[in-house]
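The residues making up each chain are set out below.
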Amino acid sequence: MTTKDKIHVLSRAVILDQEHILLCKTLDLPKAFYFLPGGHIEHGESAKETVLRELHEEAGAQDCTIKRLLGCLEYTFEPGHSSICHNHEYNFIFEVDSPSLKKEFPIPRLEDHIELLWFPLKTLSAIDFRSEPLQNLLPKWLDNPSIQNLESVMI
C-alpha cells in the first residue's frame, strides 16, 4: 500500500475559552504547524471515545464532556504536506468542554512531539493551521449549533 492509498480516520476536539481555541503545535518537524487536539480512532473505539482518550493522553484531562458533533471533514492533500504517512483523512470534529482545560491553567506537556497552546479564535487564518479548510468551517459550525455538516475538500 502506497502513501496515497492510506486513509486515516481521526477524532478532534474544539475547546474554547475566553474567545480562544486550544491547539496542538508540532515540535518534531522541520516546520511547525498547528492542529486540533485529538487523533486516530482505534479499532472498536467510537469517535466520541477517541476524542476523550486523546485529550487525556495529550493534556491529562479526565473531566471532558462532549457538547456536540460540529461536523466531519473529508480532506486530501499532497503527500508530505501535512503528513508523511497518508494523504486522505476523515476528521470528526467535536465541541468539547473541560473544567481543567482553561486558558488560565497551565497545560502539562505529556507527549514529546506536541505542545498545547491557546490562540485567539479569530487569528486562525494568521497561523499555519491544518487542516486548512477548518479555518473557514469552524466559525460556520460554531455559529450554527443546529447544523451538522459533512464537508469534502478533494483536490
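Going by the structure above, here's the rest.
Quick summary incoming for the structure in this document. (Residues numbered from 1 in each chain as written. Predicted model: local features only at pLDDT ≥ 70, side-chain atom pairs only at ≥ 80, totals over all residues. Heavy atoms only, no water.)

Now for the pairing of strand 3 (residues 20–26). For strand 3, a buried count of 6 out of 7 residues is recorded, marking the element as mostly surrounded by other parts of the structure. Here 2 bridges tie strand 2 (residues 16–17) to strand 3, and the two strands are oriented antiparallel to one another. Residue pairing in the sheet places leucine 16 in a bridge with isoleucine 21 of strand 3. In sequence, strand 2 turns back onto strand 3 through a hairpin of 2 residues, with glutamine 18 there showing a positive phi of about 55 degrees. With 7 bridges connecting them, strand 3 and strand 8 (residues 114–120) associate as antiparallel partners. Note on strand 8: the bridge partner recorded for leucine 22 is tryptophan 118. As defined by bridge partners, strand 3 adjoins strand 4 (residues 34–35) across 2 bridges and the pair is classed as antiparallel. (Buried < 20%, exposed > 50% of the residue type's maximum accessible area, 1.4 Å probe, protein only. Helix = DSSP H or I, 4+ residues; strand = E, 2+ residues; numbered from the N terminus. Pairing = 2+ DSSP bridges.)

As a further point, take the nonpolar core. Formed by 19 residues in total, the largest nonpolar core has its most connected members in Ile15, Leu22, Leu55, Val96, Leu101, Ile107 and Leu116. Residue assignment for this core shows that the elements contributing at least two residues are strand 3, helix 1 (47–59), strand 7 (88–97) and strand 8. If near-sequence neighbours (up to four positions away) are discounted, isoleucine 15 is found in contact with His20, Ile21, Leu22, Leu55, Val96, Leu101 and Trp118. Membership of the second largest hydrophobic core comes to 18 residues, among which are Leu23, Leu73, Leu124 and Leu138. (Core = buried A, V, L, I, M, F, W, Y, C linked by side-chain atoms within 4.5 Å. Contact = heavy atoms within 4.5 Å.)

For the rest of this paragraph, the subject is helix 2 (residues 134–143). Those residues of helix 2 not exposed but buried are Leu134, Leu137, Leu138, Trp141 and Leu142. Buried residues of helix 2 fall within an arc of 125 degrees about the axis and therefore sit on the same side. Of the exposed residues in helix 2, the ones pointing more than 90 degrees away from its buried face are Asn136 and Asp143. (Arc of directions from axis to C-beta.)

With that settled, the discussion passes to the side chain of glutamate 74. Inspection of the secondary structure puts glutamate 74 in strand 6 (residues 65–76). Notably, glutamate 74 is buried but unbridged: the nearest opposite-charge side chain belongs to lysine 140, and the N-O separation is 14 Å. Of note is the side chain of glutamate 74, whose polar atom sits 3.0 Å from the side chain of histidine 88. A polar side-chain atom of glutamate 74 sits 2.6 Å from a polar atom in the side chain of tyrosine 90. (Lys, Arg positive; Asp, Glu negative; His and termini not counted. Salt bridge = Lys/Arg side-chain N within 4 Å of Asp/Glu carboxyl O. Polar contact = N/O pair within 3.5 Å; in protein donor to acceptor, adjacent residues only side chain to side chain.)

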